[in-house]
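Now for the letters of each chain:
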Amino acid sequence: MTVSSALNINRVVGQHANLEITTHGSNWYYAVCALMGACTLLFMGLSFMKPQSDRLFHYIMVGATGVACIAYFAMGSNLGQVPIQAEFVRPRSRWGVGAAGTREIFYARYIDWVITTPLLLLGVLLTAGVPTPTILATLLADEIMIVTGLIGALTRTRFKWGFWAFGTAALLFIVYELLFDARRHASTLGGAPKKTFMFCGSFLIFLWLLYPIAWGLSEGGNVIHPDGEAVFYGVLDILAKPVFGLMLILGHRKISSSQLGLRIRNRSQTTSEKYNPSADIHPEGPGENVGGPAANTTGGNTPATPTHV
Ligand code: RET
C-alpha cells in the first residue's frame with residue numbers, strides 16, 4: 001500500500017510519481033518529525049538554564065531541529081515533493097527500485113537544509129572564533145551546495161551530475177575551511193573552545209561527506225527506493241542535528257561568548273548602557289580581521305577582542 005492510499009489528502013494535493021514512499025517510509029518520516037520536535041523542546045528547555053547572553057548556541061540548534069520537524073512532517077504526509085523523470089530507469093533493481101518512469105523528489109528536504117545547514121556551520125565556526133568575513137564566505141558556499149543539489153535533483157538528464165559536481169566542490173571548500181583555517185583559529189583560542197570545535201567539527205565533516213553519496217544513490221542514480229532514501233537521509237539528519245546539537249550545547253557549558261570574541265548584551269545592559277565602539281578597537285588596527293578572535297595570540301583561554309553581535 002502506498003502512502004497515498006493511506007492519506008486521503010494526497011488524492012487531492014499530492015502529485016504521484018511511479019516510484020514513491022510507502023506507508024513504511026511515511027511512518028519513518030513522522031517518527032523523525034517527532035524526534036526533531038522533542039529535541040527542539042529539549043534545546044529550548046536547556047536554554048532557560050543559561051543567562052540570555054549565553055544562549056546563542058541553544059537558539060541555533062532550536063532553529064535547526066524546529067525547521068527539520070516541519071520538513072519531516074511535510075515529507076511524512078507525502079507533501080513537498082514532485083515527480084521527476086528518472087535518468088536511469090531501473091525496471092528490476094536488486095535494491096528495490098523496480099519501477100519505471102518518474103521518481104518522487106522531496107524538495108522540502110532542500111528547503112529545510114538551505115535554512116538549517118548554515119545554522120549548523122555557524123555553530124562550529126563561531127566556536128572556533130573564525131572572523132566574520134570568512135564565516136560569511138563559508139555560509140555562501142553552503143547555500144550554493146544545497147541549491148545546486150536541489151536543481152540537480154529536479155533535473156531529468158545527465159546534466160544533474162554537473163550540479164552535483166558544483167555542490168561537491170562547494171562542500172570541499174567548506175571542509176577545507178574547517179580543516180585548515182578554522183582549526184588554526186580554534187587552536188589560538190585553546191581550552192574548551194578548541195576541544196568542542198575539534199569534536200563537533202570532525203563529526204560534522206565525516207557526516208556531511210556522506211550526503212553526496214546518499215544523493216548519488218537516490219535522487220541522482222535512482223539506485224535505492226524512496227523508502228531507503230528516507231532511512232539514509234533520516235539517519236544522517238538525526239546525527240547531524242539532535243546528536244550534533246547535544247554535543248555542541250554540552251561543549252558550550254564551560255564557554256562564554258566573550259571567550260569567543262562575541263559581544264552579546266545582557267538585558268540589564270540594553271537599558272542602562274550604550275554601545276561604546278572605542279571599547280572594541282582591534283589591536284591590529286582597522287580593516288584586519290574585523291574584531292575576530294585571531295587577535296588573541298596569547299594562546300590559552302584569554303578572552304579575545306569582542307565582535308559586536
Ligand atoms: C547534496 C547534493 C549535491 C552535492 C552535495 C550535497 C551535500 C549536502 C549536504 C547536506 C547536509 C545536510 C544536513 C542536514 C541536517 O539535517 C546537496 C546532497 C555535496 C552536506 C547536515
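Above this text you will find the structure in question.
Predicted, not measured: the structure shown is a model, and the values here were computed from it.

## Considering the overall build of the protein chain
No. 1: The secondary structure content of the protein chain amounts to 11 helices and 4 strands.
No. 2: Within the protein chain, the proportion of its 309 residues that are buried is 52%.
No. 3: Considering only intrachain contacts with a sequence separation of at least 6, the fraction spanning at least 24 residues in the protein chain is 75%.
No. 4: Accessible surface for the protein chain amounts to roughly 14300 Å². Of this, 68% is attributable to carbon and sulfur atoms.

## Describing the nonpolar core
No. 1: With 52 residues, the main nonpolar core has Met61, Leu178, Trp208 and Phe244 as its most contacted residues.
No. 2: By size, the runner-up hydrophobic cluster in this structure holds 14 residues, among which are Ile21, Met36, Met75 and Ala108.

## Looking at a nonpolar patch on the surface
No. 1: Among the surface-exposed residues, Tyr107, Ile111, Ile115 and Leu154 lie close enough to one another that they form a single nonpolar patch of about 330 Å² accessible area.
No. 2: By the element assignment, Ile115 lies in helix 5 (residues 107-128).
No. 3: Ile115 sits in the partly exposed class, given a relative accessible area of 42%.

## Quick notes on the state of the cysteines
No. 1: With the rule as written, the count across this model stands at 0 disulfides.
No. 2: The closest cysteine sulfur to the non-disulfide-bonded Cys33 is located on Cys69, 3.9 Å from its own sulfur.
No. 3: For Cys33, a relative accessible area of 12% gives the class buried.

## Some remarks on the site of the ligand
No. 1: Around the ligand, the surrounding shell holds 16 residues, and the nearest of these are Trp113, Trp208, Tyr211, Asp237 and Lys241.
No. 2: Within the contact set of the ligand, an oxygen atom lies 2.8 Å away from a side-chain nitrogen or oxygen of Lys241.
No. 3: Alone, the ligand offers 540 Å² of accessible surface; in the complex the protein occludes 100% of this.
No. 4: Elements with a minimum of two residues in the shell around the ligand: helix 5, helix 6 (132-153), helix 7 (160-189), helix 9 (211-220) and helix 10 (226-251).
No. 5: Looking at the shell around the ligand, the element that brings in the most residues is helix 7, giving 4 residues.
No. 6: Residue composition of the shell around the ligand, grouped by class: 10 nonpolar, 4 polar and 2 charged.

Procedures and definitions
Residues numbered from 1 in each chain as written. Predicted model: local features only at pLDDT ≥ 70, side-chain atom pairs only at ≥ 80, totals over all residues. Heavy atoms only, no water. Helix = DSSP H or I, 4+ residues; strand = E, 2+ residues; numbered from the N terminus. Buried < 20%, exposed > 50% of the residue type's maximum accessible area, 1.4 Å probe, protein only. Contact = heavy atoms within 4.5 Å. Areas by Shrake-Rupley, 256 points an atom, 1.4 Å probe, with all protein chains shown as cover. Core = buried A, V, L, I, M, F, W, Y, C linked by side-chain atoms within 4.5 Å. Patch = residues over 30% accessible without salt bridge, like charges linked within 9 Å, V, L, I, M, F, W, Y side chains within 5 Å. Salt bridge = Lys/Arg side-chain N within 4 Å of Asp/Glu carboxyl O. Disulfide = S-S within 2.5 Å. Near = heavy atom within 4 Å. Polar contact = N/O pair within 3.5 Å; in protein donor to acceptor, adjacent residues only side chain to side chain. Nonpolar A, V, L, I, M, F, W, Y, C, P; charged D, E, K, R; others polar.

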